[in-house]
Amino acid sequence: MKTTIINIGDELLIGQVVNTNASTMSKMLTEAGMEVRCTVVVGDIYNDIWNAVDEAINESDAVLVTGGLGPTKDDITKKLLCEYFGSELVENRMALENVRRIFESRGYELTPVNRAQALVPRCCEVLNNDLGTAPCMWFNSDDKVLVSLPGVPFEMEWLMRNRVIPKLQETFHTDIIITKNILVQGIGESFLSDLIEPWELSLPKNIKLAYLPVAGLTKLRLTYRSNQNNPDIPSTLTDGLYALAGQYIVGEDCETLDELVHKTLIVRGLTLATAESCTGGNIARLLTAQAGASAYFKGGVVAYSNEVKERALGVQHSTLEAHGAVSEETVREMAEGVRLRLGADLAIATTGIAGPDGGTADKPVGTVWIAVADATHTEASLLHFGANRRQQNIDRSTNQAFAMLIRMLTSK
């Protein structure tokens, strides 16, 4: 089953708004066993939308369109689809009651402009949007399907999960997409490819391997399609990979290292505190973005200045005088200090020169010290990222810190 995604909006086309809908929809469709042929972004121009819809319907089994369903004059998708399918706009009772319910719950008066949200092409089926006033519309055209969704990301995602994908699966036969993620850290993508080439060449032809590198981490993704009810990728398939690259593998079945840390700490019942200088709170941000982080995350200190390192973390003034803020001695005291002061089982600390300036001859931009600590010992690591891109250095430092923590936990 082939699908095409069309995202409508001038704000997307000019880069004013990041088009997260395309990636979210592509991921959800792929996981549901549907092939995404392409994604298209068009502005609020009638002919451009018409041409995109016409081409997509000719080339795909299902077309999913987002945007242009609001009450203002630049929202033209509904009228265009009405004309495209040779229909007329009529007031839909279910859509009207949904609009009325939402306005009453918010204490707003239902105006004629907003009542017009309930106007839909007579030929479509309305899939109720519980989270917003713009209706989701399902069109059948011969053996093809077009679904028009609101462009608001959280509304679109809810509709995709609860309305659209289940109905698509009822309408079309789809295979099950089976994936397995293996997180590899500490070796570059090209070196990893050379290292595991014998294993990669031995993979069954129906299993695809993808290299997904990001910020000092490579995610290996194994994928295959199956029409079985409960298929799985056998663990024996990865034995050869571990034999070649086991020292670099930090975990499986997670999308990111922060997700792996999150799950590991919850399972083990351990708590964590963070002391961040060069990463500026990025580690704490990623962990607390996940539901349930309060089960293990005690808190964090962003200790950017030496004064805060001393007062909040207990770093000795003599240590900073003798070795500087970016040093093994300082990062060890940061990790040990935050662990003790916040009463955590474990701690992560970072200090470095994120850039693009601030480096010296002996400590150039990209020099980073990271430490992880528990009640019995502290491990520290010096990294030279060699890049003056600030965010890249922050992201790579963050992933390195997570990997060090995982390795400390799994070594026991």
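Treat the numbers as computed from the prediction; the structure is a model and nothing was measured.

Q: Would you mind going over the packing of helix α3 (residues 46-59) against helix α4 (residues 77-84) in detail, with residue names and values included?
A: α4 packs onto α3 with a crossing angle of 50 degrees between their chain directions and a minimal axis gap of 11 Å. Taken as axis vectors, α3 and α4 run oblique relative to one another. The interaxial crossing formed by α3 with α4 has right-handed handedness. On the side of α3, the interface is formed by Tyr-46, Ile-49, Trp-50, Val-53, Asp-54 and Ile-57, while α4 contributes Lys-79, Leu-80, Glu-83 and Tyr-84. Partitioning the contact of α3 with α4 into residue classes produces seven nonpolar, no polar and three charged.

Q: Tell me about helix α5 (residues 93-105), residues and numbers included.
A: Compared with the 18 Å implied by 1.5 Å per residue over 13 residues, the 18 Å span of α5 between its first and last C-alpha is a close match. Among all positions of α5, only Ala-95, Leu-96, Asn-98, Val-99, Ile-102 and Phe-103 are buried. Down the axis of α5, the sector holding all buried residues measures 160 degrees, keeping them to one side. Set apart from the buried face of α5 by more than 90 degrees, the exposed residues are Arg-93, Glu-104 and Ser-105. Looking one or two places after α5, you find Gly-107, whose phi comes out positive at around 75 degrees.

Q: Lay out the packing of aromatic side chains with the relevant residues and their values.
A: Enumeration over the complete set of coordinates arrives at five aromatic pairs. When the centroid spacing of 4.6 Å and the interplanar angle of 10 degrees are considered together, the rings of Phe-85 and Phe-139 count as stacked. Here Phe-85 is found in the loop between α4 and β4 (89-91), whereas its partner Phe-139 is found in strand β7 (residues 136-141), with 54 residues between them in sequence. For Phe-139, a relative accessible area of 1% corresponds to the buried category.

Criteria and thresholds
- Residues numbered from 1 in each chain as written.
- Predicted model: local features only at pLDDT ≥ 70, side-chain atom pairs only at ≥ 80, totals over all residues.
- Heavy atoms only, no water.
- Axes fitted to C-alpha atoms, helices over the stretch in contact; angles between N-to-C directions.
- Helix = DSSP H or I, 4+ residues; strand = E, 2+ residues; numbered from the N terminus.
- Parallel < 35°, antiparallel > 145°, perpendicular 65-115°, else oblique.
- Left-handed = near helix turned anticlockwise from the far one by under 90°.
- Contact = heavy atoms within 4.5 Å.
- Nonpolar A, V, L, I, M, F, W, Y, C, P; charged D, E, K, R; others polar.
- Expected span 1.5 Å × (residues − 1).
- Buried < 20%, exposed > 50% of the residue type's maximum accessible area, 1.4 Å probe, protein only.
- Arc of directions from axis to C-beta.
- Phe/Tyr/Trp six-rings, centres within 6.5 Å; stacked < 30°, edge-to-face > 60°.

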